[in-house]
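Here are the chains, one letter per residue:
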Amino acid sequence: PGVAVTKKRLNRAHTHTHTPHHTHADADNNERTKTQREAIMSNILAGCCGGVRPGHASPAQISKDFIKSLFHAQSSFLDQFFQTLDFEETAKFCQKILDCKGTTLFTGIGKSSYIAKKVCQTLVSTGTRAIHLAPVDALHGDIGNVNEGDIVVLFSKSGTTEELVNLVPYAKAKGGFLVAATANKESQLAKLCDMHVTIPAPGELQPFEKGSSSVGTSESRVSPPVTYTALQMMFGDTCAVYIMQARGLTQDEYAMNHPAGRIGKRLVLRVQDVMRKIESLPTVSPEEKGLEVLVKMAGDTKGCGCLLVVDKDMTLLGTFSDGDLRRATVAKGAEVSNLLVKDLMNYNKAFPRCCEAEQMAYEAQMNMNLNGKMVDYLPVISGDGKKTLLGLITIESLSEAGM
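No experiment lies behind these values; they were computed from the predicted model shown.

I keep staring at the sheet that holds strand β11 (residues 316-321) and nothing clicks. Help me out?
Within a sheet, neighbouring strands are paired by backbone hydrogen bonds and run either parallel or antiparallel to one another. The strand order across the open sheet formed by three strands is β9-β10-β11, and the pairing between neighbours is mixed. Bordering the open sheet on either side are β9 (283-284) and β11, each of which pairs with just one other strand. Note: β9 against strand β10 (residues 306-310), two bridges, orientation parallel. Looking across to β10, one finds that V284 is bridged to V309.

In structure tokens form, the structure reads like this:
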């Protein structure tokens, strides 16, 4: 639509400038105007339709070998990172956070800010008190989050980030212990802080040139820190895992911090939390006739996929599903309608798989697919050996619970 409007405007402008008295000069001018108009339209169409603008190189073809070389370069940088990482210094850094009685605050500018936030979130999920501190906001009120006994970790590749350097004296005045996490232990930030931990910067991928020049060291070339941010992330999260292990964090404790995630649900939710209660289940007596059961199956299974056969004490005797009906019909024919439920339930199969209310819901989910034999439901029975029916867990109820 934009192209059509522009074309209409250009044509209208050409019409308005046209005069009835033609001269050779007018003809030359009109020809030039037409040529200019066509050039403008060509550029507009190129921009709208994904064409290449004048003066720009044509789109490059994707090269598998070139992409492979970039990943090999990243692998080489990782190797160099591990070879130069000071593990003693890193251990002291982790110990400092582990011993912290207050809060550990993480800060950075630009991409380092996102890394600081990610590492902070990892630590919080493991039970470590940590918050992200935006350095600019800190200078406008958020410095109030820093208290005596807190640790402030400042992420910066160069160690010269102005906003972080400006933050140092104020964070110290609030009683914070400052840790600079940079690639240069001689940097301004490293010298100003109480402690320094080196995150090595072996090099960066170069997006501006192809070939061998795509790989360069941080000192020799200027490039976006795509490699270094990955190393910062790996460093921070690996330290977080060490702190988790040092604290003796259990799976249950970890899950308590992830109640809405799949990990948390698998480690926290029990069968009784997701099962359908007994009041909403379709139950039948073992003495009912098959014809009566067929009517119930047609309209009263309540989305459970089966009828639950119980005695007067609500003891589970078995289940009757459409699969049982098919097998019984093949074997007995029309006689099925005259048989009792006790003769049809669990037809040609063992007592149904069950679970108990106190079991983990994830265990029940695994039991549903035991040895590759899938079932859509599990009756929930009491754990006292009496097999009292308490509820039913289904694939649908697990799905609704987010599992």
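Could you clarify how one ought to interpret unusual backbone geometry in this entry?
Trans peptide bonds make up the majority, and among non-glycine residues the majority have a negative phi. Its identity as a non-glycine residue notwithstanding, M314 has a phi of 65 degrees, on the positive side. Note on placement: M314 falls in the loop between β10 and β11. We classify M314 as partly exposed; its relative accessible area is 28%.

When you look at the sheet that holds strand β8 (residues 276-277) in this model, what are you seeing that I'm missing?
Strand order in the open sheet made by the four strands is β8-β14-β13-β12, with mixed pairing throughout. Pairing within the sheet leaves two strands with one partner each, and these edge strands are β8 and β12 (355-356). Where β8 lies against strand β14 (residues 389-394), two bridges are found, and the strand directions are antiparallel. If you follow R276 over to β14, its bridge partner there is L392. Across the face of the sheet, helix α16 (residues 361-368) comes into contact with β12, β13 (377-381) and β14 while running at roughly 130 degrees to β13.

So what exactly am I meant to see when it comes to the packing of helix α5 (residues 111-125) against helix α9 (residues 226-247) here?
The description of two packed helices rests on the angle between their axes and on the distance between the axes. Look at α5 against α9: their axes get within 9 Å of each other, and the N-to-C directions meet at 15 degrees. Put simply, α5 runs roughly parallel to α9. Regarding α5 and α9, the two cross each other, and that crossing is right-handed. Packed against α5, whose contacting residues are K111, S112, I115, K118, V119, T122 and L123, the element α9 presents T229, Q232, M233, G236, D237, A240 and I243 at the interface.

Calculation criteria
Residues numbered from 1 in each chain as written. Predicted model: local features only at pLDDT ≥ 70, side-chain atom pairs only at ≥ 80, totals over all residues. Heavy atoms only, no water. Pairing = 2+ DSSP bridges. Helix = DSSP H or I, 4+ residues; strand = E, 2+ residues; numbered from the N terminus. Buried < 20%, exposed > 50% of the residue type's maximum accessible area, 1.4 Å probe, protein only. Contact = heavy atoms within 4.5 Å. Axes fitted to C-alpha atoms, helices over the stretch in contact; angles between N-to-C directions. Parallel < 35°, antiparallel > 145°, perpendicular 65-115°, else oblique. Left-handed = near helix turned anticlockwise from the far one by under 90°.

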